[in-house]
Amino acid sequence: MPSQTIQTSAVRGTPDPTSSSRAVPPARIDLGEIDDLRVLDENGEVNEALDPGLPDDELLRVYRAMVLTRKFDIRMLNMQRQGEMGTFAPGFGQEATQIGQVYPLAQRDWYSPSYRSFGAQIWRGWPMDQLFLLWDGFFEGFAPPPDVNDLPFSIVIGSHVPLAVGIAMGIRKKGVEDAVVVCNFGDGASSQGIVSESMNFAAVFKAPCVFVVENNGWAISTKLEQQSGVTELARRGPAFGVPSVRVDGNDILGMIAASTRAVEHARAGHGPYLIEAVTYRMGVHTTADDPKVYRSDDEVRAWEGKCPIRRMERHLTERGLLDAETIETIGTACEQEVLAARESFRKRAIARPEEIFDFVYEELPPELAAQRDEYLRRLGRA
Ligand SMILES: Cc1ncc(C[n+]2csc(CCOP(=O)(O)OP(=O)(O)O)c2C)c(N)n1
Ligand SMILES: [Mg+2]
């Protein structure tokens, strides 16, 4: 990405000695150079010089992970529309961003995600039946599985970013291992003050934390341009002293190259790194949203041609690793895996309505105890 300058308009209230109508000359802000990264273009062509060079079985593994993510996504949306699932945040279109950001992590590393991250969570080892439980409101869905060093995701946007930096500081202070933390958040979250504070703190104290801002252009119905003075969000990093890269988030190989570079940097003790993954949310913000109200069909159509899965399919077909039959076989196997998880979820999803009284007070106040008794009577359970 070339150096960019912004011209500011005249500063309001600046005294002009010669004329009240003459504006002061606009100030220029030099935003400096930022790396722009794309390995796999929309036609499936690879830039050999930047290719992270994954072996064939790994290429197929990341392709399959993206397909599984999409199958899970579509199934969960159908379940929600049929009344079997709670409100959730689909990730349709952001599969490469998801898988790419956690690809270089080892088991000892940590992941602190926001809510649109089930693709990465599945890659990290979260069973899909547990993720179904989670989105259907069962609290046991939230607990990270044993041996998975993840935090439960955050819905309060930006709130999990300082926690990620805190974990990274803990790793650094203990000084016993070279683990790193990856933390993702959206373009909207990036405007929260706590995200800036976290990046600054991480830079000063060299916390081994990789920040991934998933720039999908929208924070619900708020366009990026309406909430950020700089729309290439990677440009924020250098101001904090955080090396940064802007990557095509629909390019799985670009994402893997960027996150590998960032994780190696943090692991080597050089401190944090910022990845801006430029992507697009193809579907609804959550199942409670209707994006037709605020964005055009043309905008969505323009992104259809950038589909991360289609692009990888073209590339792997060109390499002789996929053909129509294997694409079909992988798709069917992923679908079967999701359906098996749904069966397991259905067995476990036994609602316990009385629980709503259980977790606020250690000892229930008398008026709530009375309400509980009445509620249970009405449910026919007492
Ligand atoms: C602190 C806070 N304010 C407002 C909300 C309501 N809210 C939920 S998602 C969202 C938009 C977030 O957009 P972005 O960070 O770009 O992530 P995306 O949903 O696009 O992945 C908002 C405002 C919230 N969850 N937390
Ligand atoms: Mg967004």
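Residues numbered from 1 in each chain as written. Chains lettered and ligands numbered in written order. Predicted model: local features only at pLDDT ≥ 70, side-chain atom pairs only at ≥ 80, totals over all residues. Heavy atoms only, no water.

### What to know about the domain arrangement of the chain
Here is step 1 of the chain: Taken domain by domain, the chain consists of domain 1 (33-351) and domain 2 (357-382).
Here is step 2 of the chain: Taking the mean C-alpha position of each, domain 1 and domain 2 sit 41 Å from one another. (Domains from an automatic or database assignment.)

### Here's the deal with the sheet that holds strand 9 (residues 244-248)
Here is step 1 of the chain: Spatially, the six strands line up as an open sheet ordered 3-9-10-6-5-4, and their pairing is parallel. Each end of this open sheet is capped by a strand with a single partner; those strands are strand 3 (35-37) and strand 4 (110-112). For this sheet, the mean inter-axis angle between neighbouring strands, taken without regard to orientation, is 20 degrees.
Here is step 2 of the chain: Bridge analysis of strand 3 against strand 9 gives three bridges, and the strand direction is parallel. Each bridged residue has a counterpart across the sheet, and for D36 the counterpart in strand 9 is R246. (Pairing = 2+ DSSP bridges. Helix = DSSP H or I, 4+ residues; strand = E, 2+ residues; numbered from the N terminus. Axes fitted to C-alpha atoms, helices over the stretch in contact; angles between N-to-C directions.)

### Some words on the site of ligand 1
Here is step 1 of the chain: Lining the immediate environment of ligand 1, one finds 15 residues, of which Y115, R116, I155, G188 and A189 sit closest.
Here is step 2 of the chain: N216 places a polar side-chain atom, nitrogen or oxygen, 2.9 Å from an oxygen atom of ligand 1.
Here is step 3 of the chain: Burial of ligand 1 by the surrounding chains reaches 72%, relative to a free accessible area of 580 Å².
Here is step 4 of the chain: For the shell around ligand 1, the per-class residue count stands at eight nonpolar, five polar and two charged. (Near = heavy atom within 4 Å. Polar contact = N/O pair within 3.5 Å; in protein donor to acceptor, adjacent residues only side chain to side chain. Areas by Shrake-Rupley, 256 points an atom, 1.4 Å probe, with all protein chains shown as cover. Nonpolar A, V, L, I, M, F, W, Y, C, P; charged D, E, K, R; others polar.)

### Comments concerning the environment of A288
Here is step 1 of the chain: By the secondary structure assignment, A288 is in the loop between strand 10 (273-278) and helix 9 (297-304).
Here is step 2 of the chain: Residue A288 is classed as exposed on the basis of its relative accessible area, which comes to 68%. (Buried < 20%, exposed > 50% of the residue type's maximum accessible area, 1.4 Å probe, protein only.)

### Description of a nonpolar patch on the surface
Here is step 1 of the chain: A surface patch of nonpolar side chains, amounting to about 290 Å² of accessible area, comprises F201, V204 and F205.
Here is step 2 of the chain: The topology assignment puts F205 in helix 6 (residues 193-205).
Here is step 3 of the chain: On the basis of relative accessible area, F205 is assigned to the partly exposed category, the value being 40%. (Patch = residues over 30% accessible without salt bridge, like charges linked within 9 Å, V, L, I, M, F, W, Y side chains within 5 Å. Salt bridge = Lys/Arg side-chain N within 4 Å of Asp/Glu carboxyl O.)

### With respect to the confidence of the model for the chain
Here is step 1 of the chain: Mean pLDDT over the chain: 92, with 92% of residues reaching 70 or higher.
Here is step 2 of the chain: Scored below 50 in pLDDT, residues 8-17 makes nine contacts in the model with residues more than four places away or belonging to other chains. (pLDDT = per-residue confidence, 0-100. Contact = heavy atoms within 4.5 Å.)

### Focus on the nonpolar core
Side chains of nonpolar character tend, in soluble globular proteins, to be buried together.
Here is step 1 of the chain: Ranked by size, the top nonpolar core spans 66 residues in total, and within it F72, F132, W135, I252, I275 and M312 carry the most contacts.
Here is step 2 of the chain: Top contributing element to this core by residue count: helix 1 (residues 56-81), with 10 residues.
Here is step 3 of the chain: Look past the residues within four positions of I252 in its chain and what remains in contact with it is V62, M66, A96, I99, G100 and M312.
Here is step 4 of the chain: Formed by 25 residues, the second largest nonpolar core is a distinct cluster that contains M169, I171, V181 and A207. (Core = buried A, V, L, I, M, F, W, Y, C linked by side-chain atoms within 4.5 Å.)

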